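Chain residues, written in single-letter form:
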Amino acid sequence: MPFTISENVLIGGFVAAFSLWGLIKEQWFLAETRKGQRLTQWFGPARAIWVLRLIFLIGIVFGVLLALGLIQPIQWDE
């Protein structure tokens, strides 16, 4: 019997993992990426880090909820 993993668990796991990685590397993200530099310009250095943390925390929560099946993606009838 082959090991199968649902699409929701896979995508949710990747979203949560990448958001966690972003949360860990927040200083690098703000300093080295164009979007991070833009956040710093818009909000200033002190607020930009909190905005970025909020974005990544929402990504972690969304990814975990998707992986657990509490959020269901839209299923179009084919």
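Below is a short write-up of the structure. The structure displayed is predicted, hence computed values, not measured ones.

Time to look at the overall build of the protein chain. Within the protein chain, the regular secondary structure consists of 3 helices and 0 strands. In the protein chain, the succession of helices and strands from N to C terminus is α-α-α. Expected size for 78 residues packed as a compact globule is a radius of gyration near 12 Å; at 16 Å, the protein chain overshoots this value by more than 25%. In terms of its C-alpha atoms, the protein chain occupies a principal-axis envelope of roughly 50 × 30 × 20 Å. Taking all 78 residues of the protein chain together, the buried fraction comes to 24%. Considering only intrachain contacts with a sequence separation of at least 6, the fraction spanning at least 24 residues in the protein chain is 60%. Total accessible area computed for the protein chain in this model is approximately 6,400 Å², and 67% of it derives from carbon and sulfur atoms. Counting 6 positive and 5 negative side-chain charges, the protein chain places the averaged centre of each group 19 Å from the other.

Below, the discussion takes up the packing of helix H1 (residues 7-24) against helix H3 (residues 34-68). Their axes nearest at 7 Å, the elements H1 and H3 cross at an angle of 160°. Comparing the axis directions of H1 and H3 gives the class roughly antiparallel. In the crossing of H1 with H3, the sense of the turn from one axis to the other is left-handed. Every residue of H3 that contacts H1 at Asn8, Val9, Ile11, Gly12, Gly13, Val15, Ala16, Ser19, Leu20, Gly22 and Leu23 is listed here: Arg53, Phe56, Leu57, Gly59, Ile60, Phe62, Gly63, Val64, Leu66 and Ala67. Partitioning the contact of H1 with H3 into residue classes produces 13 nonpolar, 7 polar and 1 charged.

Once that is clear, we can look at the packing of aromatic side chains. Per the counting criterion, the structure on display carries 3 aromatic pairs. Looking at arginine 53, its charged tip hangs above the ring of tryptophan 50, at a distance of 4.4 Å from the centre.

This paragraph deals with the environment of lysine 25. On the secondary structure map, lysine 25 appears in the loop between H1 and helix H2 (26-32). Looking at lysine 25, the relative accessible area reads 40%, which means it is partly exposed. For the pair lysine 25 and isoleucine 58, spaced 33 residues apart in sequence, the C-alpha separation works out to 16 Å.

Moving on: H1. Given a rise of 1.5 Å per residue, 18 residues ought to cover 26 Å, and the 26 Å separating the end C-alpha atoms of H1 matches this to within 8%. Looking only at H1, the buried set comprises Asn8, Gly12, Ala16, Ser19 and Gly22. For H1, the angular spread of the buried residues around the axis is 125°, confining them to a single face. Away from its buried face, by an angle of more than 90 degrees, H1 presents the exposed residues Glu7, Phe18 and Ile24.

Reading the values: rules and limits
- Residues numbered from 1 in each chain as written.
- Predicted model: local features only at pLDDT ≥ 70, side-chain atom pairs only at ≥ 80, totals over all residues.
- Heavy atoms only, no water.
- Helix = DSSP H or I, 4+ residues; strand = E, 2+ residues; numbered from the N terminus.
- Rg over C-alpha atoms; globule rule 2.2 N^0.38 Å.
- Buried < 20%, exposed > 50% of the residue type's maximum accessible area, 1.4 Å probe, protein only.
- Contact = heavy atoms within 4.5 Å.
- Areas by Shrake-Rupley, 256 points an atom, 1.4 Å probe, with all protein chains shown as cover.
- Lys, Arg positive; Asp, Glu negative; His and termini not counted.
- Charge placed at Lys NZ, Arg CZ, Asp CG, Glu CD.
- Axes fitted to C-alpha atoms, helices over the stretch in contact; angles between N-to-C directions.
- Parallel < 35°, antiparallel > 145°, perpendicular 65-115°, else oblique.
- Left-handed = near helix turned anticlockwise from the far one by under 90°.
- Nonpolar A, V, L, I, M, F, W, Y, C, P; charged D, E, K, R; others polar.
- Phe/Tyr/Trp six-rings, centres within 6.5 Å; stacked < 30°, edge-to-face > 60°.
- Lys NZ or Arg CZ within 6 Å of the ring centre and 35° of its normal.
- Expected span 1.5 Å × (residues − 1).
- Arc of directions from axis to C-beta.

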